[in-house]
Every structure is written in C-alpha cells, then in structure tokens.
Amino acid sequence: MCKQQLLKVLEVVEKQDTWRKKECINLIASENIMSPLAIEVFSSDMMHRYAEGLPYKRHYQGTKYVDEIETLVIDLGNKLFRCKHYDPRPISGMIANLCVFAALTEPGDKIANLKIPDGGHISHSIVGTAGVRGLKTLNMPFDSKEMNIDAEKLKKVKKEKIKLVVLGGSLFLFPHPVKEIKEVLDDTKILYDAAHVLGLIAGKRFQDPLREGADVVASSSHKTFPGPQGGMVYTDNEKISKQVAQAILPGLISNHHLFRLPSLAITLIEMLEFGEKYADQTVKNSKKLASSLYEMGFKVLCEHKGFTESHQVVVDVRENEGGKTVAETLERANIICNKNLLPWDNNEDTDDPSGIRLGVQECTRTGMNESEMEHIANLITRVIIKGEKPEKVREEVIQFKKEYSKTKYCFT
Ligand SMILES: Cc1ncc(COP(=O)(O)O)c(C=O)c1O
C-alpha cells in the first residue's frame, strides 16, 4: 500500500512535469517559470531552517548564510525597484497585502478598492483578506470601456473617510491613474498591488507606482516577475517600512520560507540584466496576440486603446459559449487559460463568467515572439470559432511546444 502510494506520488509529479511544462501552451496570466539557475538553488538546506527577524538580528543561531542571502536580496530588491526599503518576507502576494492592511489600517476602517469583475483581487475585498482584517470597502468607479478607474468620478467620493486606496489588480490591461488619484485623495495612503505587473515594472515597461505617488507596493514574486512563489513589500517611506516589519513579525509571519531567498536573488539579478528586454517583448507579444485574435473574429477588449499595455489579453467570449466552456475546451487542446469575470458580470457569476484572460509572459520567456503569437491565436480560433476537434489541435500544440523547451532572458 505504502509503496503504491509512493509510486503514485512520483508518477503524478512526472505527469505534471510532462504535461504542463512540455506539452501545453500556458496562457495563465498569474504564472511563470523560473530560470535554470533559480531552480538549481531552490532546494538548498535553507528549506529546513528558521530565521525569524531581520538579517543579523535573528532570534535563532545558525543563520549566518541566510543573513548573507537575505541582505543580498534586500540590496538587489532596492536596486531593481529603485526603493529604499524592500522586504522579501511576505510568503505570498495575499499575505503581502495583509501585512500592509495590518500596518496601515485598523478594523472598521474603510479602504477604496476595485470590484472583482473590474479587476480587483479577492485579497482587496471583504470576502477575502480585507474582510479578514475587518475592513469596510468602497468600490472605486470604473470605466468598463476604458478598462480603468475613473479618477474624475472618484472625486465625488472624496468626502468618504478612506484610510487606504488599493490600486493594481488581477485583470489589469492599462496602468492605473496613480498620480491622478494621489491628487484627488492627497493625504490618503495608496497601496499598489503589483502582483501581476511586477516584472513589467522591473523592466520599465509599465508605470512606476512609487514614482507616481503610491506609498507602498505589495506583490507576488511569480507572475510577470519570474521568481519563486512568494511575496514582497517595498516602499520609500521609513515609517511605513517599520510598520510593515512589525506586522510581519510578530504579527503574521514567523518563518518566511527561506528556500525562496536564493532563487529570488538569482531572479532579481537576472531581471536587472535581462528585465527590460523581457518586459518589452512581453508587451509586444500581448499586443500581437490581442490584435491577431481580434482580426480572427474574437471580441478582444479595448481595440480603441491598442488592446493592452500589460502581459494580459482579455476576451469577451459570451458569443462563444462563455468563459467556462471556452477555457475548458481550450484545455482539451492543451491551451491553458482561465475564465474571468468582466466588469458587466456579477460577483456571483464566477462559475460561468463572460470572459477569458490570457497572459503571454510564460510563452515569452520560452522565446516566443510575435509570429508565435499569431500562430497561437490561430490555434485558439480553430478550436473555438471554427469548431475543430480540440484533441486534433492538441497534437499540433504538443509538436509546437517542443520548439520552446528552453528558458530565455536568464543566464544559462
Ligand atoms: C492582484 C493580485 N494580488 C494578489 C494576488 C495573490 O497573490 P498570491 O497568490 O501570491 O497570494 C493575486 C493572485 O493572483 C493577484 O492577482
């Protein structure tokens, strides 16, 4: 029994590695692959250890090398994101948001957020992390044609006592009006959730939230930024950095999952070296995927704005049987994406929303450029519009993927 189960574990992992890594076109906008070097240092002895506290001020002995790596990570983070206080300890993007909520709000305070169909993440909402902190929320006005926050309309809610504005999101095509919102709500603190676009910020191909007026940035470390799964918070404000550090320990994180740190260091170094080229090609690719799908007959959002300025492409597939069916049908062709709520959906429509969200950051990382985006759009069109059997297209996808087995924009 025991042996059977052991073999089962090995078999399932092998299947996952073959299927998702070698045989699928991955268009999940929140994922990425680490570089070979980052993978190599991922399973070090650090995965067994504890290092509560800050480098060289730990609560345990035995941490001298962790101190060295974490100090390096902090220096590299400060350099890459041009900030003064980079903290890599939050173990995920959601926890990073919670650390900021715990630092800058009290239960009962009100935050301004985006509704989930407008692109807000569950961690910004009362059903998620904001609710866990006991916060109230005020949904920011959103222009679904422009797919952006309506800063003008936000002026009208100025009188509401807002403790923190949360910008950034999960459905995120265009830079948010950070500057304008800072002007409207001058002394209200702004948290910018960069989880999706961190790699584009690092590559200077998206807005730079700190320079535009955000007080603090919270993020994941594994979407357009191709690091190990985890989180981070950074700011230029010393007081906020101390409040966040206090929220982290003793508040929310004891062991900050040290095995992430060497891989994070490698990713930061590689993004300093290759980030601009990577981010640039990512945005070129998303624009090309969007325009190709549009020309082939899909309702891609925001044609009048060039479709996208991020890694994401958003398609309204109500005419094509809706987000659930489209995403499931594409999976049968080994094209992996997710169904997504769009601004005109209700929160309750999560099972069958209007849209799909496509992200090109992982394909880009394997060396795909504009011509490959056109090819992928064609494969999607054949399955969803022309009604070809997904299983037939799957064979082509497997063959196509064989050409893209290497990771680019990194040291080899
Ligand atoms: C905008 C945003 N913030 C936070 C998160 C949560 O990140 P994590 O999964 O690292 O907790 C996500 C996840 O996709 C996200 O899209």
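Every residue gets a number counted from 1 within its own chain, in the order that chain's sequence is written. Given that this is a predicted model, residues contribute local features only at a pLDDT of at least 70 and side-chain atom pairs are listed and counted only at 80 or more, while totals for whole chains, interfaces and linings are drawn from all residues. Note: side-chain values were computed over all heavy atoms of the structure, leaving out hydrogens and water.

**Student:** What's the story with the layout of surface pockets in this structure? I'm lost.
**Tutor:** The probe, sized like a water molecule, is rolled over the atoms to show the empty space still left. The way it works is a 1 Å grid over only the protein atoms, where trapped points that fit a 1.4 Å probe form a cavity and open points with protein on both sides within 12 Å along at least five of seven lines form a pocket, and then any residue with an atom within 4 Å of a point lines it. Grid points are joined across faces, edges and corners, and a volume is the space filled by probe spheres set on the points. Of the volumes computed, that of the largest pocket is approximately 640 Å³. The wall of the largest pocket is formed by 19 residues, among which Asn 32, Ile 33, Met 34, Gln 229 and Glu 362 lie closest to the centre. Secondary structure is summarised from DSSP: a helix means a run of H or I of at least four residues, a strand means a run of E of at least two, and numbering begins at the N terminus for each. Among the elements that take part in the lining of the largest pocket, helix H1 (residues 2-23) stands out by supplying four residues, more than any other. Each residue is assigned to one of three groups, with Ala, Val, Leu, Ile, Met, Phe, Trp, Tyr, Cys and Pro labelled nonpolar, Asp, Glu, Lys and Arg labelled charged, and all others, Gly among them, labelled polar. Broken down by class, the residue content of the lining of the largest pocket amounts to seven nonpolar, seven polar and five charged. In this structure, the second largest pocket spans a volume of roughly 440 Å³. Lining of the second largest pocket is provided by 22 residues; of these, Ile 116, Gly 120, Ile 122, Leu 341 and Asn 347 occupy positions nearest its centre. Within the lining of the second largest pocket, the residues separate by chemical class into eight nonpolar, 11 polar and three charged. What counts as a domain boundary in this text is fixed by an automatic or database domain assignment. When residues are assigned to domains, the lining of the second largest pocket turns out to be shared by domain 1 (38-267) and domain 2 (274-404), each giving three or more.

**Student:** Got a minute to help me understand the domain arrangement of the protein in this structure?
**Tutor:** Reports often express the size of an interface as the amount of accessible area lost when the parts come together. Considered domain by domain, the protein is made up of domain 1 (38-267) and domain 2 (274-404). Computed over C-alpha atoms only, the centres of domain 1 and domain 2 are separated by 27 Å. Two residues qualify as a contact provided that any one of their heavy atoms is within 4.5 Å of a heavy atom in the partner residue. Between domain 1 and domain 2, the contact holds 26 residues from the first and 30 residues from the second. Put simply, buried area is the surface a 1.4 Å probe can reach on two separate parts but cannot reach once they are joined, added for both. In total, about 2300 Å² of surface goes out of reach between domain 1 and domain 2, with carbon and sulfur atoms giving 62% of it. A per-residue breakdown of the area domain 1 buries against domain 2 is headed by Pro 117, Leu 173 and Arg 205, which together make up 28% of the total.

**Student:** Where do I start with the nonpolar core in this structure?
**Tutor:** Judged by nonpolar contacts, the single largest core of 60 residues is most densely connected at Phe 81, Tyr 192 and Tyr 234. If you list the elements that add at least two residues to this core, you get helix H3 (64-80), helix H6 (151-154), strand S9 (164-167), helix H7 (178-184), strand S10 (189-193), helix H8 (198-202), strand S12 (231-235) and helix H11 (260-295). Take this core: its biggest share by element is eight residues, from H11. Formed jointly, this core draws a minimum of three residues from each of two domains, domain 1 (38-267) and domain 2 (274-404). Apart from residues no more than four positions distant in its own chain, Tyr 192 is found in contact with Leu 167, Phe 172, Val 178, Val 197, Ile 201, Phe 206, Gln 207, Pro 209, Ala 214, Val 216, Val 217 and Ala 218. Membership of the second largest hydrophobic core comes to 33 residues, among which are Cys 363, Met 373, Ala 377 and Val 397. Take the buried residues of types Ala, Val, Leu, Ile, Met, Phe, Trp, Tyr and Cys, join any two whose side-chain atoms come within 4.5 Å, and each joined set is a nonpolar core. Each residue gets one of three labels from its accessible area relative to the maximum for its type: buried under 20%, exposed over 50%, partly exposed in between, using a 1.4 Å probe on protein chains only.

**Student:** I would appreciate a short explanation of unusual backbone geometry in the present structure.
**Tutor:** That bond from Leu 249 to Pro 250 is cis: its omega, 20 degrees, falls within 30 degrees of zero. Tracing the backbone through its elements, the reader meets Pro 250 in helix H10 (residues 238-252). Of note in the backbone geometry, His 257 takes a positive phi value of approximately 55 degrees without being a glycine.

**Student:** Help me understand the site of the ligand, please; the structure alone is not making it clear to me.
**Tutor:** Neighbouring the ligand are the residues Ser 92, Gly 93, Met 94, His 121, Gly 169, Ser 170, Asp 193, Ala 195, His 196, Ser 220, His 222 and Lys 223. Pairs of N or O atoms within 3.5 Å make up the polar contacts considered here, provided that, within protein, one atom can donate a hydrogen while the other can accept it, and that residues adjacent in sequence are counted only when both atoms are side-chain atoms. Ser 170 is positioned with one of its side-chain polar atoms (N or O) 2.8 Å from an oxygen atom of the ligand. In the model, an oxygen atom of the ligand is placed 2.8 Å from a nitrogen or oxygen of the Lys 223 side chain. Using a 1.4 Å probe, accessible areas were evaluated by the Shrake-Rupley method; residue-level cover was limited to the displayed protein chains. Contact with the protein chains covers 84% of the free accessible surface of the ligand, which is 390 Å². Here the residues of the shell around the ligand sort into two nonpolar, eight polar and two charged. Whether a residue is near a molecule or strand depends on its heavy atoms: it is near if one of them lies within 4 Å of it.

**Student:** How should a nonpolar patch on the surface be read in this particular structure?
**Tutor:** In this analysis, a patch consists of residues with relative accessible area above 30% that form no salt bridge, clustered at 9 Å for like charges and at 5 Å for the nonpolar side chains Val, Leu, Ile, Met, Phe, Trp and Tyr. The term salt bridge refers to a side-chain nitrogen of Lys or Arg lying within 4 Å of a carboxyl oxygen of Asp or Glu. A contiguous nonpolar surface patch, about 210 Å² in accessible area, is contributed by Leu 37, Ile 269 and Phe 411. Turning to its location among the elements, Phe 411 is positioned in the segment after helix H15 (390-401). Overall, Phe 411 belongs to the partly exposed group, its relative accessible area being 34%.

**Student:** Would you mind showing me how to read the pairing of strand S5 (residues 110-113) here?
**Tutor:** Paired strands are those between which DSSP finds at least two bridges. Sheet topology note: the S5/strand S6 (residues 136-139) ladder contains four bridges and is parallel. Residue Ala 112 lies in a different strand from S6, and its bridge partner there is Leu 138. Note: S5 against S9, two bridges, orientation parallel. Within the sheet, the bridge partner assigned to Ile 111 lies in S9 and is Leu 164.

**Student:** Is there a simple way to explain the sheet that holds S12 in this structure?
**Tutor:** The strands making up a sheet associate through hydrogen bonds between their backbones, and the pairing can be parallel or antiparallel. Reading across the sheet, the seven strands line up as S4-S12-S11-S10-S9-S5-S6 and stay open at both edges, with mixed pairing between neighbours. At either margin of the open sheet sits one strand with a lone partner, and together these are strand S4 (85-87) and S6. Here the average twist between neighbouring strands, direction ignored, is 20 degrees. Pairing analysis gives four bridges linking S9 to S10, with the strands arranged parallel. To get an axis, a line is fitted to the C-alpha atoms, and for a helix only the part in contact is used. The angle between two axes follows their N-to-C directions and goes from 0 to 180 degrees.

**Student:** Please explain the packing of H3 against H11 as it appears in this structure.
**Tutor:** When two helices pack together, their arrangement is given by the angle between the helix axes and by the axis-to-axis distance. Where H3 meets H11, the axes come as close as 9 Å, and the angle between the chain directions of the two elements is 30 degrees. By the angle class used here, H3 and H11 are roughly parallel. Two packed elements cross with a definite hand, and for H3 against H11 that hand is left-handed. Residue-level inspection shows Val 66, Ile 69, Glu 70, Val 73, Leu 76, Gly 77, Lys 79 and Leu 80 of H3 in contact with H11, the latter providing Leu 261, Pro 262, Leu 264, Ala 265, Leu 268, Ile 269, Met 271 and Leu 272. Within the contact of H3 with H11, the residues separate by chemical class into 13 nonpolar, one polar and two charged. Should an angle fall under 35 degrees it is called roughly parallel, over 145 degrees roughly antiparallel, and 65 to 115 degrees roughly perpendicular, with every other angle called oblique. By convention the crossing between two helices is left-handed if the near helix lies anticlockwise of the far one by an angle smaller than a right angle, and right-handed if it lies clockwise.

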